[in-house]
Every structure is written in C-alpha cells, then in structure tokens.
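Each chain, written out:
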Amino acid sequence: MDFGCTQEDQDFRNEARDWLAAHVEDATDRRAWERTLGAAGWIGLGWSEAGYGNRTATLTQQVAWAEEYARSGAPPRSGHIGENLLAPTLIAHGTDEQKARFLPPIAAGEELWCQGYSEPGAGSDLADVRTAAVREPDGRAYRVTGQKVWTSLAHEADWCFVLARTEPGSVRHHGLTFLLVPMDQPGRIAVRPIRQMTGTSDFNEVFFDGARAEHVVGGEGDGWRVAMSLLGFERGVSTLAQQIGFARELETVVRTAVETGAVHDPVVRERLVRQWAELRTMRWNALRTLGGSGDPGAPSVAKLLWAGWHQRLGELAVLVRGAAASAGPADWSASSPYELDEAQHLFLFSRADTIYGGSDQIQRTIIAERVLGLPREPKGAV
C-alpha cells in the first residue's frame with residue numbers, strides 16, 4: 001500500500017505534537033485528561049461520522065496522532081473503550097437517537113465505558129455467555145443478572161455494553177442481545193477489583209443483580225452479529241501506537257544490556273536483534289492491514305505476533321538485569337508489598353499478553369477454521 005505523507009498530514013502531525021507538548025504536563029488526573037482531549041476535539045478522529053464534537057481525520061492522520069500521543073508520554077487513555085469500540089459500533093448499528101445520546105459525551109470525554117463480554121465460564125469462547133436479561137412486563141427495559149470478569153476500567157466507567165442471553169434455552173451465538181447498561185445502580189451492580197501479580201488492579205469482576213438496561217443495539221437476538229462487529233474495531237490504528245510504546249521499552253532493555261555488560265553475551269545480542277527485527281516486521285504488517293488487505297485472519301495474526309513478542313521482551317528485561325532483577329526498588333512493607341521497577345512490571349504484566357484479548361489458542365483456532373478451512377474444533381456438550 002502507499003502510505004505516503006502529504007503536507008496536510010505533516011501539518012496535522014505538527015499540530016498534534018505541539019498541542020500535546022503544551023498540555024501533557026497537566027495530565028495528572030486521567031478523567032480530567034479525557035475532558036481536556038475532548039474539549040480540543042481529539043476524541044473520535046477515526047469515526048466515520050462527524051458532528052458529535054469530534055474532529056475527523058484521514059487514516060494517515062489518525063496514525064500520526066496515535067504515534068505522537070505515544071511519543072509524548074501521555075497517560076494511558078481511560079476513554080478508549082468508548083471511543084474505539086462502542087462508538088464505531090453505534091455508528092454502524094445504532095439508531096439516530098442512540099448516536100445522538102451517547103456519541104457527544106464520549107467525544108467530550110464526559111462518559112467512560114467498559115466492556116461486559118467475558119465471564120468465568122465464557123472467556124475466549126464468548127458464545128457460552130450465561131448472563132441473562134429478562135424484559136420488564138411493560139417491555140420498556142431489561143433486567144440483567146449474571147457476572148462478567150476481566151472487565152477493564154469497570155471501577156471508573158459510567159456505562160457498560162453487555163452481551164447477555166435474552167432467549168431462555170438458547171445456546172451458543174443464538175438468543176444474545178447487545179445492551180447498554182448504566183453502572184450507577186447501587187445494590188444492583190457491584191464491581192470487585194482483581195489484584196494482579198503486579199499488585200495493581202486493572203481488571204474487575206462485575207456482578208449484575210437485576211440491573212436495568214433500556215438501550216438495545218441492533219435489536220433483540222442480534223447481539224452476536226453486533227458483538228463480532230465490535231471486535232473488528234478492536235485493532236487497527238491503535239496497534240501502531242502500541243508499537244511506539246514497544247519501541248521505547250526495547251530501547252530501555254538495550255540500554256540496560258549495555259550498562260550491565262549483558263550485551264557481550266552472544267545469545268543476548270542475538271535475542272535483542274531478533275526483537276528489533278520482529279518489531280519492524282510487525283509495523284509493516286500493521287500498515288498492510290490498515291490498507292484493507294481483506295484478510296479475515298489479520299487481527300488474529302497481529303495478536304499472536306505482538307503478544308508473544310512483548311512477553312519475550314519482558315523476559316529479556318529481567319535477563320539483562322542479572323541478579324539485580326530479583327530485588328525490588330524499595331524495601332518490602334505490608335502497605336506496599338508489590339513495589340516494582342519498570343523491568344519487573346514489564347515481566348510480570350506481559351505474562352497475561354497471550355491470554356487477554358483472546359488467548360493464543362483461540363487465535364490459532366480462528367486462523368485454522370476461518371482462513372485455512374480446517375475442520376471446526378469439537379465443542380463440549382452444552
């Protein structure tokens with residue numbers, strides 16, 4: 001594909017770089033930062049529709065913004081689930097009323113979203129969801145009961161889009177509905193953080209006990225189609241921004257290897273060079289995918305590539321540190337037992353890379369069945 005940069009693209013990149021340089025130091029509170037981004041129109045650049053308080057940008061300009069954001073050292077986004085997952089789904093499947101209600105607050109950074117997909121018995125195999133939604137007698141809303149798990153940012157979110165079973169007795173991808181559920185329902189929604197090996201709690205369990213949901217996207221029983229459409233938006237421009245962060249982490253590992261002398265080990269040198277070469281390959285593959293390759297297995301291939309790469313980088317990060325990698329940056333205390341340095345955090349957190357967002361096993365099954373045409377994997381009894 002031709003991914004050349006026009007003068008307009010360069011002007012856009014310069015504007016993004018200058019704006020971030022002028023504002024990133026104020027990004028101390030993540031929620032306030034979302035509102036700052038929204039006020040300047042930086043949320044919703046990739047939406048196919050404008051008029052909700054968002055700028056629109058070409059694909060090249062979206063890449064420029066994502067790369068400049070990563071380079072600026074700005075904090076991780078709290079609004080990316082609403083901006084990059086729900087909003088494109090509403091534009092594709094929502095009613096005019098739903099778009100008018102939900103897209104402006106997302107573009108303004110005023111409402112944050114989380115994703116209610118995975119469950120304790122239905123993680124990568126999403127079709128096994130058991131969370132149920134029953135219509136109220138007057139038909140105006142549903143009552144949602146069940147549990148979701150690994151729900152990122154649920155403790156901060158105002159809303160959750162939930163895949164629930166609305167047809168009793170239905171199995172697999174039949175009888176599912178895509179619901180929009182407000183999180184502020186005391187006594188009906190409980191959020192329980194999940195503490196990770198890193199000592200942080202980025203994920204949560206969410207318990208629904210008759211939570212009320214008035215908004216259905218795509219119609220009752222059409223949840224599987226809507227949910228799969230949403231997953232198609234999950235990867236794209238953000239992959240290239242992710243790689244900017246990966247490159248910075250790799251630079252730190254290489255610098256540490258030089259400082260500790262680990263770089264003189266030929267095996268370590270070979271692994272460092274391989275990490276660099278694979279990162280370059282991932283970038284070109286991501287650019288190829290953005291060009292509209294039409295390959296149904298492209299998202300799965302991308303996930304397999306970056307998840308394994310990042311996990312190996314975490315291993316290298318502690319390897320080049322030597323024995324020092326086993327000691328934390330501060331003495332242990334009961335109030336802060338998990339204080340980690342950057343390399344230790346990278347090593348521990350990256351253990352999850354091959355699991356979340358669709359495990360490696362699931363990605364390989366998708367490639368086998370949908371790309372290679374191999375026989376479908378047998379499913380257990382329902």
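I will try to describe carefully the structure that is included in this document. Every residue gets a number counted from 1 within its own chain, in the order that chain's sequence is written. It should be noted that, the model being predicted, local features are given only for residues of pLDDT at least 70 and side-chain atom pairs only at 80 or more, the latter also being counted only at that level, while totals for whole chains, interfaces and linings use all residues. Side-chain measures were taken over the full set of non-hydrogen atoms in the model, leaving aside hydrogen atoms and water.

### Focus: the packing of helix H1 (residues 7-23) against helix H2 (residues 30-39)
Axis geometry follows a simple rule: fit a line to the C-alpha atoms, using only the stretch in contact for helices, then measure angles between N-to-C directions, giving values from 0 to 180 degrees. The helix and strand labels rest on DSSP assignments: H or I over at least four residues marks a helix, E over at least two residues marks a strand, and numbering proceeds from the N terminus. Interaxial distance between H1 and H2 falls to 12 Å at its minimum, and their mutual angle equals 145°. Crossing angle aside, the handedness with which H1 passes H2 is right-handed. Seen from H1, the contacting residues are Trp-19, Leu-20 and His-23; seen from H2, they are Trp-33, Thr-36 and Leu-37. Considered class by class, the residues forming the contact of H1 with H2 number four nonpolar, two polar and no charged. Each crossing gets its hand from how the near helix is turned against the far one by less than a right angle, where anticlockwise is left-handed and clockwise is right-handed. Contacts are assigned to residue pairs that have any heavy atoms within 4.5 Å of one another. When residues are sorted by character, Ala, Val, Leu, Ile, Met, Phe, Trp, Tyr, Cys and Pro go into the nonpolar class, Asp, Glu, Lys and Arg into the charged class, and all the rest, Gly among them, into the polar class.

### Quick word on the pattern of salt bridges
When their charged atoms lie close together, side chains carrying opposite charge are able to pair. Should a side-chain nitrogen of Lys or Arg be within 4 Å of a carboxyl oxygen of Asp or Glu, the pair is scored as a salt bridge. Throughout the structure, instances matching the rule amount to 25 salt bridges. Salt bridges here are not isolated pairs; linked through shared partners, they connect Arg-13, Arg-17, Glu-67, Glu-68, Arg-71 and Arg-283.

### Here's the deal with a nonpolar patch on the surface
Every patch collects residues that have over 30% relative accessible area and no salt bridge, joining them within 9 Å if they carry like charges and within 5 Å if they are nonpolar side chains (Val, Leu, Ile, Met, Phe, Trp, Tyr). Each accessible area value is a Shrake-Rupley result obtained with a 1.4 Å probe; residue values ignore everything except the protein chains displayed when judging cover. A cluster of nonpolar side chains, contributed by Val-371, Leu-372 and Leu-374, occupies part of the molecular surface with about 270 Å² of accessible area. Mapped onto the elements, Leu-372 comes out in the segment after helix H11 (360-371).

### So, the nonpolar core
Throughout, nonpolar core names a set of buried Ala, Val, Leu, Ile, Met, Phe, Trp, Tyr and Cys residues whose side chains join them through atoms within 4.5 Å. Relative accessible area decides the class of each residue, using a 1.4 Å probe on protein chains only: under 20% of the type maximum gives buried, over 50% gives exposed, and in between gives partly exposed. By size, the foremost hydrophobic cluster in this structure holds 27 residues, and its most contacted members are Trp-47, Leu-86, Trp-113, Tyr-117, Phe-161, Phe-178 and Leu-180. Going through the elements one at a time, helix H4 (80-93), helix H5 (96-107), strand E4 (159-165), strand E5 (176-182) and helix H6 (223-232) are the ones with two or more residues in this core. When residues in this core are grouped by element, the largest group, six residues, is from H4. Excluding anything up to four places from it in sequence, Phe-178 contacts Leu-86, Tyr-117, Phe-161, Val-162, His-215, Val-216, Val-217, Gly-223, Val-226, Ala-227 and Leu-230.

### Some details on unusual backbone geometry
Glycine aside, a negative phi is what most residues show, and trans is what most peptide bonds show. Phi at Trp-150 is positive, roughly 60°, even though this residue is not glycine. By the element assignment, Trp-150 lies in the loop between strand E3 (142-148) and E4. Positive phi is not limited to glycine here, since Leu-153 has a value of about 65°. For Leu-153, the position within the fold is in the loop between E3 and E4.

### Considering the packing of aromatic side chains
Any two of the Phe, Tyr and Trp rings considered here, Trp counted by its six-membered ring, make a pair once their centres fall within 6.5 Å; the pair's planes then place it as stacked at under 30 degrees, edge-to-face at over 60, or tilted in between. Counted by the stated rule, this structure contains 15 aromatic pairs. Between the aromatic rings of Phe-12 and Trp-42, the centroid separation amounts to 5.8 Å while the plane-to-plane angle is 75°, which identifies the pairing as edge-to-face. On the criterion of sequence distance, the pair formed by Phe-12 in helix H1 and Trp-42 in the loop between H2 and helix H3 (59-72) is long-range, its members being 30 residues apart. Take Phe-12 and Trp-42: they sit in the same class, and that class is buried.

### Topic: the environment of Ala-74
Following the sequence through the fold, Ala-74 ends up in the loop between H3 and H4. You can call Ala-74 buried: its relative accessible area is 15%. As for Ala-74 and His-23, which are separated by 51 residues in sequence, their C-alpha atoms are 9.2 Å apart. Ala-74 has contacts with Val-24, Trp-33 and Tyr-69, leaving out every residue within four places of it along the chain.

Worth remembering: the numbers are spatial, not functional.
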